[in-house]
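# Structural description and commentary
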Amino acid sequence: MTIRDLLAAESINLNGTPAGKTEALNQCIDLMAKSGKIADVEKYRKGVFAREEEGTTGIGMGIAIPHCKSDAVTKAGLAAMVVKDGVDFESLDGTPAKIIFLIAAPNTEDNVHLDVLSKLSVLMMDEDFSESLRNAKTVDEFLNIIDKADDEKPDIDERLETAQAAKVLAVTS
């Protein structure tokens, strides 16, 4: 699975201007709805807000990754919004969120949202990558940046296989 497999062009807004966290979440949910992967948008919206009440998904460094696993989701998906001036997302480090990725996951046993969250987190920690996304001028450019990163970084499934095949050697005294 790649990030690009989940992210549709119609679910990307490069010029978001939400006034606050609630508006940012609602705009991202509306973007996700455009992908056609949500059967019941209002049920999904309630799930996103319920998850956010458990604790902020503003991970810091200008990044927020809200997510929801719900029966309202028919197929895993992503929505993305760039907020040039940032929006207060109650982030762990207090910085405003300038890139928001919203994850939609079906309510299945495989916990795909955790895999996507993990991969996005790893990619977004690369400051050049996140800076490139913030400065993308077109949706195509945004998607090309993601495609390139997906090509350079191992797929989630490949990383898990590599980790399982690794041997650990410990030397103690």
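One structure accompanies this document, and this report is about it. (Residues numbered from 1 in each chain as written. Predicted model: local features only at pLDDT ≥ 70, side-chain atom pairs only at ≥ 80, totals over all residues. Heavy atoms only, no water.)

Moving on: the packing of aromatic side chains. What characterises a pair of aromatic rings is the spacing of the ring centres plus the angle enclosed by the ring planes. Per the stated rule, a full pass over the model turns up 1 aromatic pair. Centre to centre, the rings of Phe101 and Phe142 are 6.2 Å apart; their planes meet at 35 degrees, and the pair counts as tilted. Here Phe101, found in strand E6 (residues 97–106), pairs with Phe142, found in helix H6 (residues 139–152); they are 41 residues apart in sequence, far enough to count as distant. You'll find Phe101 and Phe142 in the same group, each marked buried. Positioned above the aromatic ring of Phe89 is the side chain of Lys21, whose terminal nitrogen or guanidinium carbon lies 5.2 Å from the ring centre. (Phe/Tyr/Trp six-rings, centres within 6.5 Å; stacked < 30°, edge-to-face > 60°. Helix = DSSP H or I, 4+ residues; strand = E, 2+ residues; numbered from the N terminus. Buried < 20%, exposed > 50% of the residue type's maximum accessible area, 1.4 Å probe, protein only. Lys NZ or Arg CZ within 6 Å of the ring centre and 35° of its normal.)

In this section: the packing of helix H2 (residues 21–33) against helix H3 (residues 41–54). Relative orientation of the contacting elements H2 and H3 amounts to 140 degrees, with a least axis distance of 10 Å. Considering the angle they form, H2 stands oblique to H3. In this structure, H2 crosses over H3, and the sense of that crossing is right-handed. On H3, the residues that touch Lys21, Thr22, Leu25, Asn26, Ile29, Asp30, Met32 and Ala33 of H2 are Val41, Tyr44, Arg45, Val48, Phe49 and Glu52. (Axes fitted to C-alpha atoms, helices over the stretch in contact; angles between N-to-C directions. Parallel < 35°, antiparallel > 145°, perpendicular 65-115°, else oblique. Left-handed = near helix turned anticlockwise from the far one by under 90°. Contact = heavy atoms within 4.5 Å.)

A word on unusual backbone geometry. The phi dihedral of Met61 falls on the positive side, at around 55 degrees, and the residue is not glycine. Topologically, Met61 is positioned in the loop between strand E2 (58–60) and strand E3 (63–64). The class of Met61 is partly exposed, set by a relative accessible area of 40%. At Glu90, a position not held by glycine, the phi torsion is positive, near 55 degrees. Mapped onto the elements, Glu90 comes out in the loop between strand E5 (77–87) and E6.

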